[in-house]
Amino acid sequence: LGMGGVSIALDDMLLDPFVNPAKGALIDESVFLGTPTFYGISNASGSGRSLPFSALFRSQGAFGAFSFALQQLESGQRQDVIFFSRDVIWPGPPPQRLSELSATNLYVNGSVGMELGSGLSVGVGASWAGLDALDGVEHLHALSNGIQQSGHQADYRVGLFWDRREQHFEAVLVHNRFNMKHKVSYIDWRWDEPTQRTIVTERIETNRDRTRTTGLQLGFSRPITESGWRVGGTWTVNRKTHPKIPNYEIM
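Report follows, based on the coordinates. (Residues numbered from 1 in each chain as written. Predicted model: local features only at pLDDT ≥ 70, side-chain atom pairs only at ≥ 80, totals over all residues. Heavy atoms only, no water.)

**A short note on unusual backbone geometry**
If a residue is not glycine, its phi is most likely negative; likewise, a peptide bond is most likely trans. Not every positive phi belongs to a glycine, and R165 is a case in point at roughly 50°. Along the chain, R165 turns up in the loop between β9 (146–164) and β10 (167–192). For R165, a relative accessible area of 62% corresponds to the exposed category. The phi dihedral of Q196 falls on the positive side, at around 55°, and the residue is not glycine. Assignment of secondary structure puts Q196 in the loop between β10 and β11 (197–223). (Helix = DSSP H or I, 4+ residues; strand = E, 2+ residues; numbered from the N terminus. Buried < 20%, exposed > 50% of the residue type's maximum accessible area, 1.4 Å probe, protein only.)

**A short note on the layout of surface pockets**
Which parts of space are left empty comes out when a probe the size of a water molecule is rolled across the atoms. Counted as a void, the largest pocket has a volume near 1100 Å³. In terms of lining, the largest pocket is formed by 33 residues, of which the most central are L15, T35, P52, S54 and S67. Contributions of two or more residues to the lining of the largest pocket are made by β1 (31–34), β3 (46–59), β4 (62–75), β7 (102–117), β8 (120–131) and β9. Here the lining of the largest pocket is composed, by residue class, of 16 nonpolar, 14 polar and three charged. (1 Å grid on protein atoms, 1.4 Å probe; cavity = no way out; pocket = protein on both sides within 12 Å on 5 of 7 lines; lining within 4 Å. Points joined across faces, edges and corners; volume = space filled by probe spheres on them. Nonpolar A, V, L, I, M, F, W, Y, C, P; charged D, E, K, R; others polar.)

**Re the packing of aromatic side chains**
Per the counting criterion, the structure on display carries three aromatic pairs. Relative to W235, the ring of F220 lies with its centre 5.9 Å away and its plane at 25°, an arrangement referred to as stacked. Taken together, the residues span a long stretch of sequence, with F220 in strand β11 and W235 in strand β12 (residues 230–244) at a distance of 15 residues. Residue classification places F220 among the partly exposed residues on the basis of a relative accessible area of 27%. By relative accessible area, W235 is classed as exposed at 53%. (Phe/Tyr/Trp six-rings, centres within 6.5 Å; stacked < 30°, edge-to-face > 60°.)

**Topic: the environment of T206**
Along the chain, T206 falls in strand β11. The spatial distance from the C-alpha of T206 to the C-alpha of V184 is 6.2 Å, given a sequence separation of 22 residues. Not counting the four nearest positions on each side in its chain, T206 is found in contact with K181, H182 and K183. (Contact = heavy atoms within 4.5 Å.)

Laid out in structure tokens, this is it:
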């Protein structure tokens, strides 16, 4: 984030090995780092905090990168809605369960590679995320009584990198699999004529959110002046499939 996205032209040693595993060839020396992150969303719409650790390794002709992150999310507060049902006033959804108020996500990412000579490098990488919640999903089921999320995401990458007299060429093949399950509860009520009262029941709806992405990324960068200015560009093509999407009420 601190580089403002200009890594398409400038080398970013802390990011590049995770985007293109073969660019670990740019690592000068082994590095360990951690960047705790805290944030909040206005109007009581949620907050989060992350504690990540990363390590970049370098040896003769080989290189690698590893990262681990633990994240906690606080869900946004639902707005109470007043419902009227003949002689009964239902005071909106009951308080959110403890399991809905916070969730923990786990992220692991690793890559290894080696130099083949003449400035050419190859690398492979994989990442996995165990997800208990994603930001904002609770707001997409606006009339729900509660929601429980669970799932995971996996990402696999194969990369090539060629450093030819400060001119860089790269290619990355990516496959990403996203799989989440939403257990959404709703409050249903009906008027029971024989007993002359409103009967309230809870209904559980299970939704799955699945996406498969396969993509190819190409890039290049080169110096344009001797003072250090560089220019770069990237191209990407992705094919996404959605075997299942949730029944969001917003849709």
